[in-house]
Amino acid sequence: MTELRGRTLACRKCAHLAASRQTVVFGVGDPRARLMFVGEAPGADEDRQGEPFVGRAGQLLTRVIQAMGFTRETVYIANILKCRPDTPDQASGNRKPTGVEMQTCLPYLLEQIDLIQPRVIVALGGTAVEGLLGKTAGITRVRGTWLAFRDIPLMPTFHPSFLLRPENAGKKRLVWEDMLQVLERLGEPISDKQRNYFLRS
Ligand code: URA
């Protein structure tokens, strides 16, 4: 993993991204994790800190991970794209990685997955599903249903930044249901508190 990290950090295959990035966001967590989360691409906070999912969406993901009984150190977190997509024509916000960028970066993620050999992968959002599996039905259709990446069970769910939009707050329960399926698949014990999270009045 250290060798792969070194190669990734030196990557300049996407010249435009290498020129605009502050850091390469390799991934974080236990290289022997049983559970791996894959997101889309670093945002501004991640680009600054060199760590995936540390901004607002990341803090929500961290809370989900903790509610599952894990920590950021006991799972592995990475993105389809290791550099922040540049946004030369916009003052703020993020853009979706292009197909070419995803294809260019994917070999690094594949090597990471090969090293980690997770028991379950959670794909966060439609772009992560598309990056790993190619085009599928939209995330609203596929979330909560088991897919497979090679022979690793893959659970697609909503991206945490989608849940942060006020109109989607009610969808947090669906993500939690997906995570309960993940815990079951991992053979983790599920407490009544976990089972009933969203049933409390
Ligand atoms: N969104 C992502 O998809 N990945 C990150 O690392 C941060 C936000």
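This write-up is about the structure you can find in this document. (Residues numbered from 1 in each chain as written. Predicted model: local features only at pLDDT ≥ 70, side-chain atom pairs only at ≥ 80, totals over all residues. Heavy atoms only, no water.)

Things to note about the site of the ligand
The criterion, for reference: Here a residue is near a molecule or strand as soon as one of its heavy atoms is found within 4 Å of it. We define a polar contact as two N or O atoms separated by no more than 3.5 Å, with the added condition that, inside protein, one atom must be a possible hydrogen donor and the other a possible acceptor, whereas residues neighbouring each other in sequence contribute only through side-chain atom pairs. Per-residue and other accessible areas were derived by the Shrake-Rupley procedure at a 1.4 Å probe size, with only the shown protein chains allowed to occlude residues. Here a cavity denotes grid points, spaced 1 Å and computed from the protein atoms alone, that fit a 1.4 Å probe unable to get out, and a pocket denotes an open set having protein on both sides within 12 Å along at least 5 of 7 lines; residues with an atom within 4 Å of a point are the lining. Think of it this way: if more than half of a molecule's atoms are within 2 Å of a pocket's grid points, that molecule is in the pocket or cavity. We call Asp, Glu, Lys and Arg charged. Ala, Val, Leu, Ile, Met, Phe, Trp, Tyr, Cys and Pro are nonpolar, and the rest, Gly among them, are polar.
The ligand sits among Gly39, Glu40, Ala41, Glu46, Pro52, Phe53, Asn79 and His159. One nitrogen or oxygen atom from the main chain of Ala41 is found 3.1 Å from a nitrogen atom belonging to the ligand. At 2.8 Å from a nitrogen atom of the ligand is found a side-chain nitrogen or oxygen belonging to Asn79. Protein chains shield 91% of the accessible area of the ligand, which is 230 Å² for the free molecule. Judged by the fraction of its atoms near the pocket grid, the ligand is located in the largest pocket. Residue classes in the shell around the ligand are distributed as three nonpolar, three polar and two charged.

Remarks on the sheet that holds strand E1 (residues 28-29)
The test is simple: We call two strands paired when DSSP finds no fewer than two bridges between them. Every helix listed is a DSSP run of H or I at least four residues long, and every strand listed is a run of E at least two residues long, numbered separately from the N terminus. Throughout, a contact is declared for two residues whenever any of their heavy atoms are within 4.5 Å. To get an axis, a line is fitted to the C-alpha atoms, and for a helix only the part in contact is used. The angle between two axes follows their N-to-C directions and goes from 0 to 180 degrees.
Spatially, six strands are ordered E1-E3-E2-E4-E6-E5 in an open sheet, and the strand pairing comes out mixed. Each having just a single partner strand, E1 and strand E5 (147-149) make up the two edges of the open sheet. Pairing analysis gives four bridges linking strand E4 (residues 120-124) to strand E6 (residues 152-157), with the strands arranged parallel. In the strand pairing of E6, Ile121 is matched with Leu154. In this fold helix H6 (residues 126-133) packs onto strand E2 (35-39), E4, E5 and E6, with an angle of close to 125° to the strand it touches most, E4.

Quick notes on unusual backbone geometry
We note that Phe53 has phi near 50°; this positive angle belongs to a residue other than glycine. With respect to the helices and strands, Phe53 occurs in the loop between helix H3 (44-49) and helix H4 (56-67).

Notes on the layout of surface pockets
Spelled out, the test is: Grid points are joined across faces, edges and corners, and a volume is the space filled by probe spheres set on the points.
Volume-wise, the largest pocket comes out at about 580 Å³. What lines the largest pocket is a set of 27 residues, and nearest its centre among them are Glu40, Ala57, Asn94, His159 and Ser161. Elements supplying a minimum of two residues to the lining of the largest pocket: H3, H4, H6 and helix H8 (160-163). Classifying every residue of the lining of the largest pocket by side-chain character gives 10 nonpolar, 10 polar and seven charged. Size it by volume and the second largest pocket reaches roughly 200 Å³. Taken together, Leu60, Arg63, Val64, Ala67, Leu163, Lys172, Val175, Trp176, Tyr197 and Phe198 form the lining of the second largest pocket. With four residues, the top contributor of residues to the lining of the second largest pocket is H4. Partitioned by chemical class, the residues of the lining of the second largest pocket number eight nonpolar, no polar and two charged.

Any link to function would need more than the numbers given here.
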